[in-house]
Amino acid sequence: MMKRKLQPPIRSSSDSGFTIIESLMGIVVVAILLASIAPVLVMSTAIRVQSRRIEKATQAANTFVDGVKTGSILAPGEYSEDNKIPLPAATITEPRTLDQNLINLTKMPVPATQNDDDLYLFKKDGVICHTSESDCEKDATNPFEEFYIQARQMTVTGTQNDGYRLGIRVYRGDVDFSKTLLASEDDQKTVESPITGTLGNKQAPAVERTVDIGNRNTTFQALCSRLGMGQITNEDGTKEEQACQ
């Protein structure tokens, strides 16, 4: 009897695997793709982190302003008269200019040390203390949640107890006081962005702003004297801005 020789099964192309060379080529292609998009991923993550930090700095500034308005936080002028920026009274002939209501390095120099008398610390639990207080120390383990707040009062010469304008800068908790801090050199806010680079510029303020602080004794004339402008109604019913008398 003749025995039929068994034929080896024919494998389809779907049963075949990748060769070592094909696998290596695939790994190389994936590595190239990851290397090309990695900088974009890193930058987008860094921008989100920095944006979150600026959002927290803004919240710290708002909390500080609310505390000063309610009296739970002593105004910077209560610690030193040097923390008051004098403003000339506005008149029709010499109206207030916009730059006089803003802060710059001339009117408000940057802090030299963390114990400057115009400096406050916003702690991670939301408590704000003046750096001259004995227990006002930052948490070195979590500087992301803390901020230094520099503040000075802008008061009109010859006025008393009728409110003032408050200038604020908010710096990161990990700012290096052994190096020069940054701020806007003029009223056009030309300071380098705190989001520069992947880690941000910690020497630059995250927030710079001014806000008017009034009290129950503040009159419209006092407010007008600080801002330097008032609104009048003409005989024809039109309104126009005019400097305070």
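Quick note: structure is the one above.
Definitions and cut-offs
- Residues numbered from 1 in each chain as written.
- Predicted model: local features only at pLDDT ≥ 70, side-chain atom pairs only at ≥ 80, totals over all residues.
- Heavy atoms only, no water.
- Buried < 20%, exposed > 50% of the residue type's maximum accessible area, 1.4 Å probe, protein only.
- Helix = DSSP H or I, 4+ residues; strand = E, 2+ residues; numbered from the N terminus.
- Pairing = 2+ DSSP bridges.
- Disulfide = S-S within 2.5 Å.
- Core = buried A, V, L, I, M, F, W, Y, C linked by side-chain atoms within 4.5 Å.
- Contact = heavy atoms within 4.5 Å.

**Considering the pairing of strand β5 (residues 164-172)**
- Of all the nine residues making up β5, nine are buried; the element is thus mostly covered by neighbouring parts of the structure.
- Summarising the sheet, strand β4 (residues 147-156) and β5 pair through eight bridges and their orientation is antiparallel. In the sheet register, Tyr-148 faces β5, and the bridge partner there is Tyr-171.

**Looking at the state of the cysteines**
- Going through the model one piece at a time under the given rule, you end up with one disulfide.
- Two residues share a disulfide in this structure: Cys-129 and Cys-136, whose sulfurs sit 2.0 Å from each other. Between Cys-129 and Cys-136 the sulfur-sulfur dihedral comes to about 75°; the bridge is accordingly right-handed. No difference in accessibility class separates Cys-129 from Cys-136, as the two residues are buried.

**Points about the nonpolar core**
- Of all hydrophobic cores here, the largest spans 22 residues; its most connected members are Phe-64, Val-68, Ile-149, Leu-166 and Val-170.
- The set of elements that each furnish at least two residues to this core consists of α1 (20-70), β2 (119-122), β4, β5 and β6 (207-213).
- Residue contributions to this core peak at six residues, all from α1.
- Setting aside residues no more than four positions away along its own chain, Val-170 makes contact with Ala-57, Ala-61, Phe-147, Tyr-148, Ile-149, Pro-205, Ala-206 and Val-207.
- Listed in part, the 10 residues of the second largest apolar core include Leu-121, Cys-136, Phe-177 and Ala-183.

**Some points on the environment of Val-49**
- Turning to its location among the elements, Val-49 is positioned in helix α1.
- The exposure class assigned to Val-49 is partly exposed, which follows from its relative accessible area of 37%.
- C-alpha of Val-49 to C-alpha of Phe-144: the two residues are 95 residues apart in sequence and 10.0 Å apart in space.

Read these as layout, nothing more, since geometry by itself doesn't imply function.
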